[in-house]
Amino acid sequence: MAFQRLDPIDLKILDAIQRDGRITKLALADKIGLSPTPCWMRLRKLEKAVSGYHARIAVRVVAPVATVLMEVTLASHRQADFDRFEHVIRDIPEIVACWSVGGGVDYVLKVMARDIDAYQRLVDALLEREIGIDRYFTYIVTKTVKDEIALPIADLLPASP
């Protein structure tokens, strides 16, 4: 995979749009310190690094919610077992994130449910579907300490020689 070379201005543009996806082109140019046309041309060049523009909903303002992290270990580790599990998980809206991980478990899921009862019903339904779950562990989120949406892009780049 070829990575896009980014200069300090590109990094400023990416940082600004990930913090405010609704920023106007004029405001972005002003924030970055470029005139609008060069800023717009750079943004167009960077579009392939942007996977989308989203609104982040303060869900607890809208409804009470239980956030649960769930570790899952599958009984069998053939590719077909992973595929079957992942296919089912993708279609469950309460499962808002799923990561395949290395180590002692196979997956870590983030579940947003109306309450703990609703979460348990979801788990029971998953177990009834027989999608290969051998065991699972539940971690109830009691307090969000940090949940960044803006990525530290400049810090993730390889060091310059």
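Refer to the structure presented above.
Given the structure is predicted, the values throughout are model-derived calculations rather than measurements.

The rules behind these values
Residues numbered from 1 in each chain as written. Predicted model: local features only at pLDDT ≥ 70, side-chain atom pairs only at ≥ 80, totals over all residues. Heavy atoms only, no water. Helix = DSSP H or I, 4+ residues; strand = E, 2+ residues; numbered from the N terminus. Contact = heavy atoms within 4.5 Å. Buried < 20%, exposed > 50% of the residue type's maximum accessible area, 1.4 Å probe, protein only. Arc of directions from axis to C-beta. Polar contact = N/O pair within 3.5 Å; in protein donor to acceptor, adjacent residues only side chain to side chain.

**Re the environment of Val68**
In this structure, Val68 sits in strand β1 (residues 66-74). When the C-alpha atoms of Val68 and Ala154 are compared, they prove to be 31 Å apart, with 86 residues separating the residues in sequence. Those residues within four positions of Val68 in sequence are excluded, and the remaining contacts are Leu109, Lys110, Val111, Ile116, Tyr119, Thr138, Tyr139 and Ile140.

**Regarding helix α3 (residues 36-46)**
Within the sequence span of α3, burial applies to Cys39, Leu43 and Leu46. For α3, the arc enclosing every buried residue in end-on projection is 60°, short of the 170-degree limit, so these residues lie on one face. Structural note: α3 exposes Thr37, Met41 and Arg44 on the side pointing more than 90 degrees away from its buried face. Elements that come into contact with the buried residues of α3 comprise α1 (8-19) and α2 (25-32).

**With respect to the side chain of Asp81**
Structurally, the position occupied by Asp81 is in helix α5 (residues 79-90). Side chain to side chain, Asp81 and Ser76 meet in a polar contact 2.8 Å long.

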